[in-house]
Amino acid sequence: MQGEWAGEPVGPDVWETCRELIPTGSVFAFVAEHREILFPAGMFADMYPSRNGRPSLPPQVLAATVVLQALHGLSDFETVQELRCDLRWKAACGLGLLDTAFDPSLLTYFRRRLRHSQDPSRIFAKVREVVAATGVLKGKHRRALDSTVLDDAVATQDTVTQIISAIRRVIREVPGGRETAAEHCTAHDYADPGKPKIAWDDEAARNALIDALVTDALNLLGHLPEQQLGEQAADAVGLLALVAGQDVEPAEDSDGRDGRWRIAKRTAKNRVVSTIDPDARHIHKNRTRHQEGFKGHVSIEPETGLFTAVALTGGSGASNHEAAVAADLLADEEGELTVLGDAAYGTGDLRMRLQTDGHTLVIKPPPLRQTIPGGFTIDDFRIDTTAATATCPAGHTITLGRPQTGGNRQAQFKTLCRTCPLRERCTTSKTGRTLTVHPQHALLTTARRAATDPNWQAEYRRWRPPVERAIAWLVARGSRRVPYRGVIKNDTWLHHRAAALNLRRLINLGLTRTDNTWTLAPATT
């Protein structure tokens, strides 16, 4: 049941009695004055459908609290301490001077209701409405796209720890799991919270342990009672099946059917790094920086620094690539835009989609790879996609092959390279140069040529860097590390973080409310 304001606050009203102590122009002062307009009670009515039960704390209080919490990067416990002891927080959230606030678990319940509602990002959407009402983005048609790695909230686990943890979870969550494990799992005492007691510097002992743990996992999966599983139990079984196989392979001279296993000499694609947060992934942002966690994607208006859209996704996989998420970030935009982005957004599919939508692209094209340093690239070949031909720098013309998976076509020059005087600048292959032509070759070639124009470069240098400033705001105050587990929870947090930053930015730009309308007061000199 949704709670409402009733009676007087506990003690004097902080905003009424201590207003002069609250910093003017701060987020605290603004929320204290406009909380009921920013977050009206009706905005959360669908989250409390029942008329029965004990009334909740007024949701506008909780909404103001989670915005301030996201802005300052605090835990639930730290947030409640601020509400109890800090006049600014009391004023912003409408609490009385003597109010001891509430139990931190109420913030968890509120976020859960938000997450399960039809509009989990409603607080971000509400702040976007304020942005639209001020007209601050009117006439500003640039959007800069970028992504950043957000560290997960759990420790990365090795293979042994993952398998043991997954077996324990099956024992705990699946009906009949404990009895099955007692009968068929002998590699380790899974009630013991520690690691197996072996000589960890002995390779043979480590291999024997891996072999036994994988055998235990397979035995447990194979002997569980056949039954309809609930969500948590099904997740536990699926996770065990995943971690039991992702890091191992049959032992040498084994086909996998004799129960002999070893650590694989490769890394599984989309590998789970922790059973505590199965959504976290190992991420290579570049060749030297490796992290475990998630990707945060943003779209900003570079002149004002306002976030127009954000999203948090898994850290790996084609569906979580920057170019795959970009179109969703721009989906709610109206009119034609100038879209700026680095080479991660330079795929042919994204370019074609954005150009079809009428947008102008200032997206850095991916660099061409040279087979030989200083040698020929694909731009030195004449590709006629209509006639399906390719002509090399030496003037040899051949026909493109049939489209492969993904749409690529190849031009194989083979014997033409044997006596070619330009061979040393073209290929080191004994069988001659093989040219791979992208299905959007013409589009990508045009983009590379456009990127050499001084006006294009000036536009990119002027308006692309501000997104880095916005990313710095986003990860400040310890927010590089996400506070929760899983994509869904952290995506809600990221929207709250962006909403809080947008609100702070608007206040710095002079946000005020005049005649029931949000406006930006002109700067005074």
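Further up the page is the structure itself.
Residues numbered from 1 in each chain as written. Predicted model: local features only at pLDDT ≥ 70, side-chain atom pairs only at ≥ 80, totals over all residues. Heavy atoms only, no water.

Undergrad: Explain the packing of helix α10 (residues 203–223) against helix α11 (residues 231–246) here, please?
TA: The packing of two helices is summarised by the inter-axis angle and the distance between the axes. Remark: α10 packs on α11, axes separated minimally by 10 Å, with the N-to-C direction vectors making an angle of 145°. Two packed elements cross with a definite hand, and for α10 against α11 that hand is left-handed. For the pair α10 and α11, the contacting residues are V214, A217, L220 and L221 in the first and V237, L240, A241 and A244 in the second. Here the contact of α10 with α11 is composed, by residue class, of eight nonpolar, no polar and no charged. (Axes fitted to C-alpha atoms, helices over the stretch in contact; angles between N-to-C directions. Helix = DSSP H or I, 4+ residues; strand = E, 2+ residues; numbered from the N terminus. Left-handed = near helix turned anticlockwise from the far one by under 90°. Contact = heavy atoms within 4.5 Å. Nonpolar A, V, L, I, M, F, W, Y, C, P; charged D, E, K, R; others polar.)

Undergrad: How do you make sense of the pattern of salt bridges when you look at a structure like this?
TA: Where charged atoms from two side chains of opposite charge come close, those side chains can pair. Tallying each qualifying case throughout the model produces 19 salt bridges. Across the salt bridge formed by D86 and R88, the nearest N and O atoms sit 2.8 Å from each other. Exposure remark for D86: the relative accessible area of 14% places this residue in the buried category. Judged by its relative accessible area of 32%, R88 is partly exposed. Here E322 makes a salt bridge to K295, at a shortest N to O gap of 3.3 Å. Highlighted residues: E322 in helix α12 (residues 322–329) and K295 in strand β5 (residues 290–301), separated in sequence by 27 residues. With a relative accessible area of 11%, K295 lands in the buried category. (Salt bridge = Lys/Arg side-chain N within 4 Å of Asp/Glu carboxyl O. Buried < 20%, exposed > 50% of the residue type's maximum accessible area, 1.4 Å probe, protein only.)

Undergrad: Whenever I open this one, the packing of aromatic side chains confuses me. Can you help?
TA: Where two aromatic rings form a pair, the distance of their centres and the angle of their planes describe that pair. Inspection of every chain in the model, using the stated rule, returns five aromatic pairs. Taken together, a centroid distance of 5.8 Å and an interplanar angle of 50° make the contact between F381 and F413 tilted. Placement of F381 in the loop between β8 (360–363) and β9 (382–384) and of F413 in the loop between β12 (409–412) and β13 (434–437) is noted, with a sequence separation of 32 residues between them. As far as the burial class goes, F381 and F413 line up, both buried. Note that K195 overlies the ring of W200, its terminal NZ or CZ placed 5.1 Å from the centroid. In this structure, R462 packs its charged tip against the face of W463, placed 3.9 Å from the ring centre. (Phe/Tyr/Trp six-rings, centres within 6.5 Å; stacked < 30°, edge-to-face > 60°. Lys NZ or Arg CZ within 6 Å of the ring centre and 35° of its normal.)

So, to be careful, I would describe these as geometric facts and stop short of saying anything about function.
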